[in-house]
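The residues making up each chain are set out below.
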Amino acid sequence: MPGAVSLQRFTSDEELLTAFRMGFFGSAKSRKIKPVKRLVGTVEMPGDKSISHRYAMLGAIAEGPSEIHFFASSADCQSTLDCLKKLGVTIDRRENVVTIQGAGLAGLKPSLQALDAGNSGSTMRMLAGILAGQHFRTVIGGDASLSRRPMKRVIDPLTQMGARIESAEGYLPPLEIEGGTLRPIRYELPVASAQVKSAVLLAGLYAEGETTVVEPFATRDHTDIALEQMGADIGRHRRTIAVRGCARLEGKKVYIPGDISSAAFFLVAGLLVPESNLVIRNVGLNPTRTAILDVLATMGGRVKVLNVEMLNGELLGDLHIEPGTLKGGEIAQESVPGLIDELPVLSVLGTQTEEGLWFHGAAELRVKESDRIAVVAANLRRMGAKVEEFPDGLRVAGRQKLRGAEINTQGDHRIAMAFAVAGLVAEGTTVIRDSGCVDVSFPKFFDTLERVAE
Ligand code: S3P
């Protein structure tokens, strides 16, 4: 029965004002979600956000053209393209195909205006690595949420390499980066962060000799793969990655797989909504991103992986999801970095499991687009669930009856989508405030949901 998910929008002056204050114009729409009988059909996810950022940045400093197919529709990736344009890179975007005329490692031009990374931590942190190697000064800022996010983690290693970086008090954005000749370093990451690893490796392209990064836990390795694909001299052994400063990267035609972090919302929805039968096509299955599939399998989730292939060094395939009873349990600390973006929706799933769900070692969640531990806990409580908050994690009780509530997303895309999924299995109506923030990673999220809801 179409319309069972009532995705009504309404905008009040107060909401509009809040959105403006948050630097999120366009996010003021609220959406109403009602429970559904089933989710049936085949859906496609937007191109992977993480991989799209990387090919955009590497395409910009490669030689010759790069053609990126299925480039992410996310606003974050558009922020990366806009920053690169301001640095003098010629970029053409037609739907989901982005063509970049590589300027070469030394071909970026100074920007008279400050670069705007919007809501995107990946844009600011990874681009900082490239800007550290430029013989000019760049200012890069972002919206209200990004302006609260920690940048010391990139300032420290890039400064060690020879860049001069000023920030707002507390090592917060905006950053003023005075780049130059860099020296190679060996850097042990204090926090497991793919963005920081990438920033150091990208800066390493501008240093003479070998730059090495050692990770405490494995994080997504898309930068390592993309560098390999474009001809960089890169060595990888377990959690140590080394890159040699090089004369050139080769532009490339690449295809981006669907984003598994976006698929996570449909995976959880397809497992929780009774009578569902969902297929998600062409999802990226890079082993550093598939911890969610392992966790769901351990809980007894019925997810089949089909038609697996390798494209440009990245695995992809289809996921077939059927609902059933889920056991729940603990998420091990070493799995956390590989699941960091999926923890909000997994916490929602936890409420519907036999034993509940709990995890530690996820303090990083507090410095994402919102404090995701506090915001998940607060919204689950609004829906009537029992939740215990830890400094670095959550415990969500199982077998909870959720009731519809007004969800305060704090302008955070993953909170909006996680609680839209909660609304599908709650009693009554759930209202997702500032729902437009889903544009950050998945602009067609609500349309896609509506299409498969019966
Ligand atoms: C990302 C890494 C993760 C993740 C973010 C994307 C990336 O952030 O949360 O959504 O593309 O490298 P951290 O590096 O801060 O863990």
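Quick caveat: nothing in here was measured; it's all calculated off a predicted structure.

Asker: Tell me about the nonpolar core, and please be specific about residues and values.
Answerer: The biggest cluster of nonpolar side chains holds 74 residues, and the ones touching the most others in it are Leu 39, Phe 266, Ile 280, Leu 343, Phe 419 and Phe 445. Counting 68 residues, the second largest nonpolar core, distinct from the first, contains Leu 115, Met 124, Ile 140 and Ile 155.

Asker: Tell me about empty space enclosed by the protein, residues and numbers included.
Answerer: Gaps left between atoms show up when a probe the size of a water molecule is rolled over them. Scanning all chains against the criterion turns up 1 cavity of 30 Å³ or more. Put simply, the largest cavity is a space of about 40 Å³. As for the largest cavity, its lining consists of Asp 48, Ile 51, His 222, Pro 257, Gly 284, Leu 285, Asn 286, Arg 289, Glu 314 and Leu 315.

Asker: If you had to explain the domain arrangement of the chain to someone new, which residues and values would you point to?
Answerer: Its domain assignment divides the chain into domain 1 (4-47 + 257-452) and domain 2 (49-255). Just the C-alpha atoms count here: the centres of domain 1 and domain 2 sit 28 Å apart. Opposite the 29 residues of domain 1 that make contact, domain 2 presents 32 residues. Across the interface of domain 1 and domain 2, roughly 2500 Å² is buried in total on both sides, 50% from carbon and sulfur atoms. Between the two partners, domain 1 and domain 2, sit 3 salt bridges. Of the charged contacts, one joins Asp 341 and Arg 220 as a salt bridge, the two residues approaching to 3.2 Å between their closest N and O atoms. The tally of links from domain 1 across to domain 2 stands at 15 residue pairs in polar contact (both at pLDDT 80 or more). Split by residue class, the side of domain 1 that touches domain 2 holds 10 nonpolar, 8 polar and 11 charged.

Asker: Describe the packing of helix H11 (residues 372-382) against helix H12 (residues 413-424), listing the residues and the values that go with them.
Answerer: In contact at an axis separation of 11 Å, H11 and H12 are set at 30° when each is read in the N-to-C sense. In terms of their interaxial angle, H11 and H12 are classed as roughly parallel. Along this stretch, H11 crosses H12, giving a crossing that reads as right-handed. Side by side, H11 and H12 meet where Arg 372, Val 375, Val 376, Asn 379 and Leu 380 of the first sit next to His 413, Arg 414, Ile 415 and Phe 419 of the second.

Asker: Describe the pattern of salt bridges, and please don't skip the residues or the numbers.
Answerer: What the rule picks out here adds up to 30 salt bridges. A salt bridge links Asp 76 to Lys 49; its shortest N-O distance comes to 3.2 Å. One end of the pair, Asp 76, is in helix H3 (residues 75-86); the other, Lys 49, is in helix H2 (residues 49-61), with 27 residues separating them in the sequence. When sorted by exposure, Asp 76 lands in the same class as Lys 49, which is buried. Close ionic contact of Asp 341 with Arg 372 constitutes a salt bridge, the shortest N to O distance being 3.9 Å. One end of the pair, Asp 341, is in the loop between strand S19 (329-331) and helix H10 (343-350); the other, Arg 372, is in helix H11, with 31 residues separating them in the sequence. Here Asp 341 falls in the buried class, since its relative accessible area comes to 11%. Each of the salt bridges in this network shares a partner with another, and the network as a whole consists of Arg 149, Arg 220, Asp 341, Glu 369, Arg 372, Asp 412 and Arg 414.

Asker: With reference to specific residues and values, describe the site of the ligand.
Answerer: The environment of the ligand is made up of Ser 50, Arg 54, Ser 122, Arg 125, Ser 193, Ala 194, Gln 195, Arg 220, Ile 340, Asp 341 and Lys 368. A distance of 2.7 Å separates an oxygen atom of the ligand from a polar atom in the side chain of Lys 368. Protein contact buries 94% of the 380 Å² of open area that the ligand shows by itself. Elements with a contribution of two residues or more to the shell around the ligand: H2, helix H4 (121-131) and helix H6 (194-204). Residue composition of the shell around the ligand, by class: 2 nonpolar, 4 polar and 5 charged. In terms of domain composition, the shell around the ligand takes at least three residues from each of domain 1 (4-47 + 257-452) and domain 2 (49-255).

Asker: Please provide a residue-by-residue account of the packing of helix H8 (residues 260-272) against H12, values included.
Answerer: Remark: H8 packs on H12, axes separated minimally by 9 Å, with the N-to-C direction vectors making an angle of 10°. Between H8 and H12, the angle is such that the two are roughly parallel. Of the two elements, H8 crosses H12, and the hand of that crossing is right-handed. Side by side, H8 and H12 meet where Ser 261, Phe 265, Val 268 and Ala 269 of the first sit next to Arg 414, Met 417, Ala 418, Val 421 and Leu 424 of the second. A breakdown of the residues in the contact of H8 with H12 according to their chemical character gives 7 nonpolar, 1 polar and 1 charged.

What counts, and where the lines are drawn
- Residues numbered from 1 in each chain as written.
- Predicted model: local features only at pLDDT ≥ 70, side-chain atom pairs only at ≥ 80, totals over all residues.
- Heavy atoms only, no water.
- Core = buried A, V, L, I, M, F, W, Y, C linked by side-chain atoms within 4.5 Å.
- Buried < 20%, exposed > 50% of the residue type's maximum accessible area, 1.4 Å probe, protein only.
- 1 Å grid on protein atoms, 1.4 Å probe; cavity = no way out; pocket = protein on both sides within 12 Å on 5 of 7 lines; lining within 4 Å.
- Points joined across faces, edges and corners; volume = space filled by probe spheres on them.
- Domains from an automatic or database assignment.
- Contact = heavy atoms within 4.5 Å.
- Buried area = accessible area lost by both parts, 1.4 Å probe.
- Salt bridge = Lys/Arg side-chain N within 4 Å of Asp/Glu carboxyl O.
- Polar contact = N/O pair within 3.5 Å; in protein donor to acceptor, adjacent residues only side chain to side chain.
- Nonpolar A, V, L, I, M, F, W, Y, C, P; charged D, E, K, R; others polar.
- Axes fitted to C-alpha atoms, helices over the stretch in contact; angles between N-to-C directions.
- Helix = DSSP H or I, 4+ residues; strand = E, 2+ residues; numbered from the N terminus.
- Parallel < 35°, antiparallel > 145°, perpendicular 65-115°, else oblique.
- Left-handed = near helix turned anticlockwise from the far one by under 90°.
- Near = heavy atom within 4 Å.
- Areas by Shrake-Rupley, 256 points an atom, 1.4 Å probe, with all protein chains shown as cover.

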